[in-house]
Amino acid sequence: MILSVESINENSPYKVQYATNKSFVIFKTDYDVHYLVGFEYDDSSFDFATYQLVIINTNNKKSPRDPKVKDTIIAIIEDFFSNNENVLLYICETGDAKQSMRNRLFQYWFSAYFNKAQFTFVSASVKDEEGIINHAAIILRTDNPDMPYIVSEFSKTINLLNNKP
């Protein structure tokens, strides 16, 4: 999965550049927060092509609610979907106990997205063995011919994880 910085920069308020891996880009905000954003192939979750969306604040600087970050990440996601029908998997990181906040923010971003009718967004929560609630979502193009199967498999997987003995 190779991203096009030219295409992303046409729609992004922040200028993105390639990271060392061209499936990742980097950008710096007006508040000097540095982000690494990209896609990792996930071969363990499902039997269809799935990429995990990765968003990392690389300098761990507190980020205010910056609408330009949302618009930049959406431009990156749009580029991801521009040439493929792969599924995008978003899993909120749990290491700092802020996964619920990240999930709400990501859902807000998607709900405010003006082209959301082109995509199907399915989110779910799973409680792990320690009682920690994990959040995940899949996003896929509405015109994906395998959409009913993909949504069904995601739902079955979430159901299985939530009903483990």
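In what follows, the accompanying structure is described. (Residues numbered from 1 in each chain as written. Predicted model: local features only at pLDDT ≥ 70, side-chain atom pairs only at ≥ 80, totals over all residues. Heavy atoms only, no water.)

Some remarks on the overall build of the protein chain
Item 1. When its secondary structure is counted, the protein chain shows 4 helices and 7 strands.
Item 2. Of the regular secondary structure in the protein chain, the N- to C-terminal order runs α-β-β-β-β-α-β-α-β-β-α.
Item 3. With the C-alpha coordinates of the protein chain rotated into their principal frame, the extents come out at 45 × 35 × 30 Å.
Item 4. For the protein chain, buried positions account for 41% of its 165 residues.
Item 5. For the protein chain, restricting intrachain contacts to residue pairs at least 6 apart in sequence, the fraction spanning at least 24 positions comes to 50%.
Item 6. For the protein chain, the accessible area works out to roughly 9300 Å², and carbon and sulfur atoms hold 51% of it.
Item 7. Positive and negative side-chain charges of the protein chain, numbering 16 and 21 respectively, have mean locations separated by a distance of 9 Å. (Helix = DSSP H or I, 4+ residues; strand = E, 2+ residues; numbered from the N terminus. Buried < 20%, exposed > 50% of the residue type's maximum accessible area, 1.4 Å probe, protein only. Contact = heavy atoms within 4.5 Å. Areas by Shrake-Rupley, 256 points an atom, 1.4 Å probe, with all protein chains shown as cover. Lys, Arg positive; Asp, Glu negative; His and termini not counted. Charge placed at Lys NZ, Arg CZ, Asp CG, Glu CD.)

Some thoughts on the pattern of salt bridges
Item 1. Under the defined criterion, the tally for this structure stands at 6 salt bridges.
Item 2. We note a salt bridge from Lys156 to Glu153, for which the minimum N-O separation is 3.6 Å. Of the two residues, Lys156 and Glu153 both sit in helix H4 (residues 147-162), 3 residues apart, roughly one turn of that helix.
Item 3. Each of the salt bridges in this network shares a partner with another, and the network as a whole consists of Glu85, Arg141 and Asp143. (Salt bridge = Lys/Arg side-chain N within 4 Å of Asp/Glu carboxyl O.)

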